[in-house]
Amino acid sequence: MTTSFTESGGKVSGAVTATLPMTLMRVLGAGDKPVTVACDADMRLPNTDVMFVLDTTGSMADRAVSTDSQTKIQGLRNAVKCFYEILAKLPTDGFCTSSKPTGGTSGVQIRFGFVPYATNVNVGYLLPTSAIANRWTYQSRRVESRGTAWSDWQYFSQTDVGLFTNCPAPPPNTATEQYRLSARTWQLLFFTCVYQVQRASQTTIWRYDAIEQDVSGLKNGSTWNTSFTLPIGAGGSPATIEWRGCIEERRPTVSGTSFSPIPAGATDLNIDAVPNPVDPGTQWGPALPDLIFTRRASENNTSNWNRDAVSTTENYGNGSYFACPQAARRLQTWDNPSTFGSYVDSLTPEGNTYHDIGILWGARLMSPTGIFAADNAKTPSGGDIERHMIFMTDGDTVTRASDYTAYGVPWFDRRNVANPSSPTASFNDEVNARFEALCTAVKNKNITLWVISFGNGSNADTESRLQRCASSGTYYFKAADSAALQTAFNSIATQISQLRLTK
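Cut-off values and rules
- Starting afresh in each chain, residues are numbered from 1 along the sequence in its written order.
- With pLDDT at 70 or above as the cut-off, local features in this predicted model cover only qualifying residues; side-chain atom pairs require 80 or more to be listed or tallied, and sums for whole chains, interfaces and linings still use all residues.
- Only hydrogens and water are set aside; all other atoms, that is, all heavy atoms of the structure, feed into the side-chain values.
- Helix numbering and strand numbering both begin at the N terminus, where a helix is a DSSP run of H or I of at least 4 residues and a strand a DSSP run of E of at least 2.
- As defined in this context, the radius of gyration uses C-alpha atoms, and a globule is described by 2.2 Å times the residue total to the power 0.38.
- When a residue's accessible area, from a 1.4 Å probe over protein chains only, is under 20% of the maximum for its type it is buried; when over 50% it is exposed; and in between it is partly exposed.
- Only centres within 6.5 Å qualify two rings of Phe, Tyr or Trp (six-membered ring in Trp) as a pair; their planes then separate them into stacked at under 30 degrees, edge-to-face at over 60, and tilted for everything else.
- A positively charged side chain is recorded as over a ring if its NZ (Lys) or CZ (Arg) lies within 6 Å of the ring centre. The angle to the ring normal must also be within 35 degrees.
- Our working definition of a disulfide is a cysteine sulfur pair at a distance within 2.5 Å.
- Within this analysis, patches are made of residues with over 30% relative accessible area and no salt bridge. Like charges are joined at 9 Å or less; nonpolar side chains (Val, Leu, Ile, Met, Phe, Trp, Tyr) at 5 Å or less.
- The method behind every accessible area is Shrake-Rupley, applied with a 1.4 Å probe, and residues are considered shielded solely by the protein chains displayed.
- The working definition used for a salt bridge is a side-chain nitrogen of Lys or Arg within 4 Å of a carboxyl oxygen of Asp or Glu.
- For the purposes of this section, nonpolar cores are sets of buried Ala, Val, Leu, Ile, Met, Phe, Trp, Tyr and Cys residues that join through side-chain atoms within 4.5 Å.
- A pair of strands counts as paired when DSSP detects no fewer than two bridges linking them.
- Note on geometry: axes are lines fitted to C-alpha atoms, helical ones only across the stretch in contact, with angles between N-to-C directions running from 0 to 180 degrees.
- Note on contacts: a residue pair qualifies if any of its non-hydrogen atoms lie within 4.5 Å across the two residues.
- In the analysis that follows, any N or O atom pair within 3.5 Å is treated as a polar contact, provided that within protein one partner can donate a hydrogen and the other can accept it, and provided that, for residues neighboring in sequence, both atoms belong to side chains.

Right, let's get into the overall build of the protein. When its secondary structure is counted, the protein shows 8 helices and 21 strands. The C-alpha radius of gyration of the protein comes to 34 Å, more than 25% above the 23 Å expected for a compact globule of 503 residues. Overall size of the protein, expressed as C-alpha extent along the three principal axes, is 160 × 45 × 45 Å. A total of 503 residues make up the protein; the buried ones form 48% of that total.

Let us look at the packing of aromatic side chains. Applying the stated rule across the entire model yields 30 aromatic pairs. Centroid distance Tyr 125 to Trp 243: 4.5 Å. Interplanar angle 45°. Geometry classified as tilted. Here the residue Tyr 125 occupies a position in the loop between β5 (110–117) and β6 (135–150), and Trp 243 occupies one in the loop between β13 (239–242) and β14 (247–248), the gap between them amounting to 118 residues. A relative accessible area of 30% places Tyr 125 in the partly exposed class. These aromatic residues form a ring-pair network of at least three members: Phe 52, Phe 83, Tyr 84, Phe 112, Phe 114, Trp 334, Phe 340, Tyr 343 and Phe 489. Above the face of the Trp 411 ring, Arg 414 is positioned so that its terminal group lies 5.3 Å from the ring centre.

Moving on to the state of the cysteines. Under the defined criterion, the tally for this structure stands at 4 disulfides. Across the disulfide, Cys 82 is cross-linked to Cys 96 (sulfur-sulfur distance 2.1 Å). Of note, the bridge from Cys 82 to Cys 96 carries an S-S torsion of about -95° and is left-handed in sense. Pair noted here: Cys 82 is in helix α1 (residues 72–88) and Cys 96 is in the loop between α1 and β5, with a separation of 14 residues, a long-range link. A relative accessible area of 17% places Cys 96 in the buried class. The disulfide that involves Cys 246 links it to Cys 324, with 2.1 Å between the sulfurs. Taking the torsion about the sulfur-sulfur bond, which here is approximately 105°, the covalent link between Cys 246 and Cys 324 counts as right-handed. Here the residue Cys 246 occupies a position in the loop between β13 and β14, and Cys 324 occupies one in the loop between β16 (310–312) and β17 (329–332), the gap between them amounting to 78 residues. Cysteines bonded in the protein are numbered consecutively along the chain; their disulfide partners then correspond to 1-2, 3-4, 5-6, 7-8.

The grouping of Leu 163, Phe 164, Trp 186, Leu 188 and Leu 189 at the surface amounts to a nonpolar patch, some 700 Å² of accessible area in total. For Leu 163, the location among the structural elements is in the loop between β7 (154–161) and β8 (177–186). A relative accessible area of 35% means that Leu 163 is categorised as partly exposed.

As a further point, take the nonpolar core. Leu 288, Ile 359, Trp 361, Met 389, Phe 391 and Leu 449 are the most contacted members of the largest nonpolar core, which totals 79 residues. Examining the composition of this core, we find that 8 residues originate from one element, helix α6 (residues 428–443), more than from any other. Counting residues in hydrophobic clusters, the runner-up holds 37 residues, among them Met 60, Ala 88, Phe 112 and Phe 477.

Ordered in space as β17-β5-β4-β18-β19-β20, the 6 strands form an open sheet in which the pairing is mixed. Looking along the sheet, the strands with just one partner apiece sit at the ends: β17 and β20 (476–479). Each strand axis lies, on average, 15° off the axis of its neighbour in the sheet, ignoring direction. Both strand β4 (residues 48–55) and strand β18 (residues 386–395) contribute to a ladder of 7 bridges, which runs parallel. Each residue of the ladder has a partner; that of Asp 49, found in β18, is Arg 387. Together, β4, β5 and β17 form the strand contacts of helix α2 (residues 337–345), whose direction differs from that of β5 by roughly 15°. Across the sheet, helix α8 (residues 482–496) is in contact with β4, β18, β19 (448–457) and β20; its angle to β19 comes to roughly 175°.

Considering the arrangement of structural elements, one finds Ser 367 in the loop between α3 (355–366) and α4 (373–376). In this structure the side chain of Ser 367 is engaged in a polar contact, spanning 3.5 Å, whose partner is the backbone nitrogen of Gly 370. Excluding anything up to four places from it in sequence, Ser 367 contacts Ile 271, Asp 272, Phe 372, Ala 373, Asn 376 and Lys 445.

This is how it looks when you write it as structure tokens:
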């Protein structure tokens, strides 16, 4: 038996030749016969979708270890670029351990998508306008009534008159000012006439409560506006309400610390449910910090907050903490490595760590049977697609009841806390339980789930949870520093593009 192999451009060709003895046929004069088998294996990707679900919380601004020359966010940006080089076979400005590729890919669809996450996810502008409700309830305020309040009498002016002369009449009253002669004082040779004024001001009685607001001003037919106005400014004047793109999750929300399986009524955890424009229970709301007023106190200190509705002339502010990460990107081909690199470089660390909202929207954006099924189920030519989600985090879940999250302000709204009657300062257990349930849901959709734990910010419980989240133990990576992170991403990219038998 003889064997031969050749390799060219990522294609391996092999042949095996053996001699087959013709033992029975020899009586008829037949000799032994040579038999040759040939095959090709190609480093050829199938149609592939890769969704990056990336932790861009505030701790990513730190170094993974003191000896790292980069912060964690810098290491992540570089590792993702190197991953792209391996799969897309196009060069970036990343500092990669492998040689720079050329030529790209052909005859195959390779798409990349991104869901940066922290306290929330920025996915609103990716959705059709029909997916966002026209009215949404916030911890907010509205004008309850208006009135007029008069100031105390104040000195206005004075004038001197002769001993036998009356004081002049005060100025005429107006709708906002009233005048009077307050004193006529003898000064030996003359009298001094003193006048006072009283001024009116408009008072606004505010109602602070969970208030349904009209947010339809964000919509312009089938396109989005980035802001609108509502009469919640000083004295009820129009105030500009800006929308960065983060969302509030669908309602109702099922509270608890066990979601295995995900309850049927948990619409917020439903990956595939398509919004119904006439059913607000299936729609999302825009996260609008300009509409939030933490009543009875404006600082980020829940001990001074009060859930009771109140009518007052006080002007409370918003003491909750809000962080909206870089806008997510739907699955798309990125044929221009500069465009890919520019987006990756835009990832910025900010916010606390809510793993559940990140993996949820990663699944929604790549599901073949959900909101974007028309683009995700098959390629335009009808080809099948392999799906991979890469979930990377640098640490434990970090929640605060004073955060403004995808579930409102938890201290007030209490939509995703296990015990709504007695919320704690944080609700990590609830987020962790939702995260684990969503990991299972993703894997049940035939999505290969790769998980990377970066740095040393995760405790033993978190590490175990992340390992369970991955498709199997071999799909979980622990990266202690930036070099190890690049190695992990490279390993995943290499495994996705492994040799496949083509003949």
